[in-house]
Amino acid sequence: MPWYLYLALKQLFPTGRKFPFFTAISVLGVALGVALLVISTSVMGGFGYEIRRMIVDTQGEVQVRGEGLIADAAGLQARLATVPGVVATTPFAEGVVGLQYEGKPAYPAMQGIDVNRVGQVVPLERFIRAGRLDDLDDDSIIISSKLALSLGARIGSRVEIYSPLLLEKLKNDEVLLPRELRVVGIFEVGHQQLDSSVVLVTLRSMQELYGLGAAIHGVNVKIAPKLDADVVATRINGALPPAAQARARSWMEANQDFLFILQLEKNMIFFLLTFIIIVSAFSVTSSLLISVVRKTREIGLLGALGARPVQVAACFCFQGLLIGAVGTLAGLGLGLGTLHFRNELVAGFTRLTASEEVLVRFYQFSQLPAHTAPGDVGLIVACSVVISTLAGLLPAWRAARLKPVEALRNE
Amino acid sequence: MNEAILTARGVRKTFMSGDRRLEVLAGVDLDVAAGESVSIRGESGSGKSTLLQLLAGLDAPDAGTLAWAGESDTGTARRGRFLGIVFQSFYLIPELNARENVLMARRILGPIDAAARKRADDLLAKVGLAERAKHLSSQLSGGERQRVAVARALMNSPRLILADEPTGNLDERTGDAVIELLLGLCAETQTALVLVTHNAAHAQKTHRQLVLRSGILVHG
């Protein structure tokens, strides 16, 4: 081992000393910064991952929408089935309706679904909390959990639906009679907006309520595993004739603004928390500078023994690198360990502050999601080690500039 | 006559003290032969340490020439192999034990091997510190620290040892012992020695006694 690496190790972990205080404090600073970065980006990644999963689970990976109504739903689905990568399709129609239960009104978004096909594209069954998806027929409705809670509706309750078509009838002095539907299911996706303002009916009910005839608004598409949704969407657009007046969009494209905000939030957190590492790097710089001043005569001695300035610099630079490397490893361990026990920690904290219910109500999660992306970890490790090594550069430069004769005179 | 190990001709050094030019060395001539010991005495501030630093190649003279074994290369790379230096303040590295401090002189020149380790142990035994090889410098007395510094100076089998008041921080008895040790080891290994000292008795033990007076060396 070159002497400058050997001496750097000895200065960080001196012979005979059980607890190297300076090293421990410096390593702890870097470790805390890295741990915080790993935890924050993983939790942010977890939220993002859950939200992405929820979008795909409720909309499918690709959605084909018409510029207006799609009259030939069967023809469109048949054409989609020929596109490579398309596994299943399910049509939908949608619109806002007025809903009333025991005098309490609401204005949810209504989705008309093909009960026989929807399960092939989105795992709707998984989100049903009460009742059954199979019970949905033209006289029934499935409502979202928070909407049910706010209305006081339960399985078996009968709700009244007012559609824009009824308003049209009213203009013609026709009698305004709402459609009465029986609640056969309550679903919960885990998203505040969807769980408080969406209801599901059969495609036929929706077509009747909106006077669509046999037309639909779009088709949700499931693609083969591991295929890129953007690639399949492009293929579908290539296969659709211009006359179809419909366009396929991947879930990423359809939600690009939302995904951009998610990524921006994550990047901002990364950027802000990187300052913790920078602050700890300044502390490493400060400690190493003090070390250079304290060891001025030793640096002079090394020069007198034949050490070159660049080797003296390497000795101090390596200390920064080593503090960074050990601190980063310790921080990774601390961060991943904390993430492993995150739910126990959150549960303990919410029990202490009696806020468990608030957490579930506002954040939708009783368990804290986390998704640690290898790319994020790689970036954190690289940033931490590079910043810590840079922290050793200034002390190293100062040490290299010391002339042995002046350093030895420093009594 | 023995080979000339150190040759200095007309070495001059001037320092600025405010607006005043202070000529510390005004043309020093010095020849030291292999195995020879030379003492240099002088009043405080006479320029003894400055002369030693110039002889060690740690600083450059304003004028004059210097040669080690006839070669004018007194650079860093050659210094570690050609000469050993003993300072008044020992300058041991506190994070290292006695053995590691001695070995440091060799480490700086390149990787150490079993032979180097054995030499360090032998040298520590010669200076009477075999039992204290694993002690940190903070666990050693002043005399012991200086003996470690002597062993370190001899580690690379140098041709010349420059000792700058090596007994300055030691009591008389310990100082005498260190000088005896230094002279004995230099004689044993035919290493030339330049000893800067205030102590006339120590100076008398060397082959040749010089005094630095008014910036030049004269016989003492």
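Right, let's walk through the structure included here. (Residues numbered from 1 in each chain as written. Chains lettered and ligands numbered in written order. Predicted model: local features only at pLDDT ≥ 70, side-chain atom pairs only at ≥ 80, totals over all residues. Heavy atoms only, no water.)

Moving on, we get to the overall build of chain A. Along the backbone of chain A there are 18 helices and 12 strands. The C-alpha atoms of chain A give 32 Å as radius of gyration, which overshoots the globular expectation for 411 residues (22 Å, by more than 25%). Seen through its C-alpha atoms, chain A measures out along the principal axes to roughly 105 × 55 × 35 Å. Split into buried and exposed, the 411 residues of chain A put 46% on the buried side. Look at the contacts in chain A between residues 6 or more apart in sequence, and 81% of them connect residues 24 or more apart. If you sum the accessible surface of chain A, you get close to 20500 Å²; carbon and sulfur atoms cover 61% of it. The averaged location of the 34 negative side-chain charges in chain A is 16 Å from the averaged location of its 37 positive side-chain charges. (Helix = DSSP H or I, 4+ residues; strand = E, 2+ residues; numbered from the N terminus. Rg over C-alpha atoms; globule rule 2.2 N^0.38 Å. Buried < 20%, exposed > 50% of the residue type's maximum accessible area, 1.4 Å probe, protein only. Contact = heavy atoms within 4.5 Å. Areas by Shrake-Rupley, 256 points an atom, 1.4 Å probe, with all protein chains shown as cover. Lys, Arg positive; Asp, Glu negative; His and termini not counted. Charge placed at Lys NZ, Arg CZ, Asp CG, Glu CD.)

Before going further, it helps to spend a moment on the packing of helix α1 (residues 3-12) of chain A against helix α13 (residues 309-340) of chain A. When two helices pack together, their arrangement is given by the angle between the helix axes and by the axis-to-axis distance. All names here are of chain A. Orientation of α1 relative to α13, taken along the N-to-C sense of each, is 50°, at an axis distance of 8 Å. Relative to α13, the element α1 is oriented oblique. The element α1 and its partner α13 pack so that their crossing is right-handed. Every residue of α13 that contacts α1 at W3, Y4, L5, L7, A8, L9, Q11 and L12 is listed here: Q311, V312, A314, C315, F316, F318, Q319, L322 and I323. Classifying every residue of the contact of α1 with α13 gives 14 nonpolar, 3 polar and no charged. (Axes fitted to C-alpha atoms, helices over the stretch in contact; angles between N-to-C directions. Parallel < 35°, antiparallel > 145°, perpendicular 65-115°, else oblique. Left-handed = near helix turned anticlockwise from the far one by under 90°. Nonpolar A, V, L, I, M, F, W, Y, C, P; charged D, E, K, R; others polar.)

What follows covers the sheet that holds strand β8 (residues 208-213) of chain B. Residue and element names in this part refer to chain B. Strand order in the open sheet formed by 6 strands is β5-β6-β7-β3-β8-β9, and the pairing between neighbours is mixed. Both outer strands of the open sheet, β5 (83-86) and β9 (216-219), are each paired with one neighbouring strand and no more. Across this sheet, the average inter-strand angle for adjacent strands is 20°, counted without regard to direction. Bridge analysis of strand β3 (residues 37-41) against strand β7 (residues 192-196) gives 4 bridges, and the strand direction is parallel. Bridge pairing in β7 places S37 opposite L193. Running at roughly 155° to strand β6 (residues 160-164), helix α1 (residues 48-55) makes contact with β3, β5, β6, β7, β8 and β9 of the sheet. Helix-sheet contacts for helix α6 (residues 172-189) involve β3, β6 and β7, and the interaxial angle to β7 is about 155°. (Pairing = 2+ DSSP bridges.)

Next up on the list: the interface of chain A and chain B. Listed by partner, the interface residues are 23 residues for chain A and 24 residues for chain B. Across the interface of chain A and chain B, roughly 2300 Å² is buried in total on both sides, 64% from carbon and sulfur atoms. Looking at the side of chain A facing chain B, the largest losses of area belong to A:Y6, A:L301 and A:L305, adding up to 25% of the total buried there. Across the pair A:K295 and B:E95 runs a salt bridge, and its minimum N-O distance is 2.3 Å. (Buried area = accessible area lost by both parts, 1.4 Å probe. Salt bridge = Lys/Arg side-chain N within 4 Å of Asp/Glu carboxyl O.)

Next up on the list: the sheet that holds strand β4 (residues 63-68) of chain B. Picture the strands of a sheet paired through backbone hydrogen bonds; they go either parallel or antiparallel. Residue and element names in this part refer to chain B. Pairing within the open sheet is antiparallel, and its 3 strands lie in the order β2-β1-β4. A single partner strand is all that each edge strand has here, and the edge strands are β2 (20-33) and β4. Adjacent strand axes in the sheet meet at a mean angle of 20° when their direction is disregarded. By the bridge criterion, 11 bridges tie strand β1 (residues 4-17) to β2 in an arrangement that is antiparallel.

Moving on, we get to a nonpolar patch on the surface. On the surface, a cluster of nonpolar side chains totalling about 690 Å² of accessible area is made up of A:F260, A:I261, A:L264, A:M268, A:F271, A:L272 and A:F275. Take A:F271: it is sitting in helix α11 (residues 256-294). (Patch = residues over 30% accessible without salt bridge, like charges linked within 9 Å, V, L, I, M, F, W, Y side chains within 5 Å.)

Residue and element names in this part refer to chain A. Structurally, F316 can be placed in helix α13. Note on F316: relative accessible area 2%, which makes it buried. Between the C-alpha atom of F316 and that of K222, which follows or precedes it by 94 residues, the distance is 58 Å. Residues contacting F316, with those up to four places away along its chain left out, are Q11, L288, S291, V292, I299, G392, P395, A396 and A399.

Before going further, it helps to spend a moment on the side chain of B:K13. Residues and elements named next belong to chain B. Here K13 lies in strand β1. What makes K13 buried here is its relative accessible area of 8%. Beyond its immediate stretch of four places on either side in the chain, K13 contacts L22, E23, V24, L25, T50, L54, D59, A60, P61 and D62.

Turning our eyes to something else, we now look at the pairing of strand β2 (residues 86-96) of chain A. Residue and element names in this part refer to chain A. A large share of β2 lies buried, amounting to 8 of its 11 residues. Relative to strand β11 (residues 216-223), β2 is paired through 6 bridges, and the arrangement is antiparallel. Bridge pairing in β11 links A88 to K222. By the bridge criterion, 5 bridges tie β2 to strand β5 (residues 109-113) in an arrangement that is antiparallel. Bridge pairing in β5 links G95 to M110.

Let us now look at the nonpolar core. Core analysis: the biggest nonpolar cluster contains 113 residues, and B:L6, B:L30, B:L55, B:M104, B:L160 and B:V194 have the highest contact counts within it. Here the element with the most residues in this core is α13(A); it accounts for 10 residues. With residues up to four places along the chain from it excluded, the contact list for B:L55 reads B:L6, B:A8, B:L30, B:L66, B:W68, B:L83, B:L162 and B:V194. Grouped together as the second largest cluster of nonpolar side chains are 49 residues, A:I51, A:I143, A:V201 and A:A233 included. (Core = buried A, V, L, I, M, F, W, Y, C linked by side-chain atoms within 4.5 Å.)

Tallied over the full model, the rule gives 23 salt bridges over all chains. A salt bridge links A:D135 to A:R132; the nearest nitrogen and oxygen atoms lie 3.6 Å apart. Notably, a salt bridge pairs B:R99 with B:D121, separated by 2.7 Å at the nearest N-O pair. Taken together, the residues B:R99 in helix α3 (residues 98-107) and B:D121 in helix α4 (residues 114-126) connect sequence positions 22 residues apart. The class of B:R99 is partly exposed, set by a relative accessible area of 23%.

Moving on to unusual backbone geometry. Residue and element names in this part refer to chain B. We note that E165 has phi near 45°; this positive angle belongs to a residue other than glycine. Take E165: it is sitting in the loop between β6 and α6. The backbone of S214 sits at a positive phi, close to 55°, despite the residue not being glycine. Relative to the helices and strands, S214 resides in the loop between β8 and β9. On the basis of relative accessible area, S214 is assigned to the exposed category, the value being 70%.

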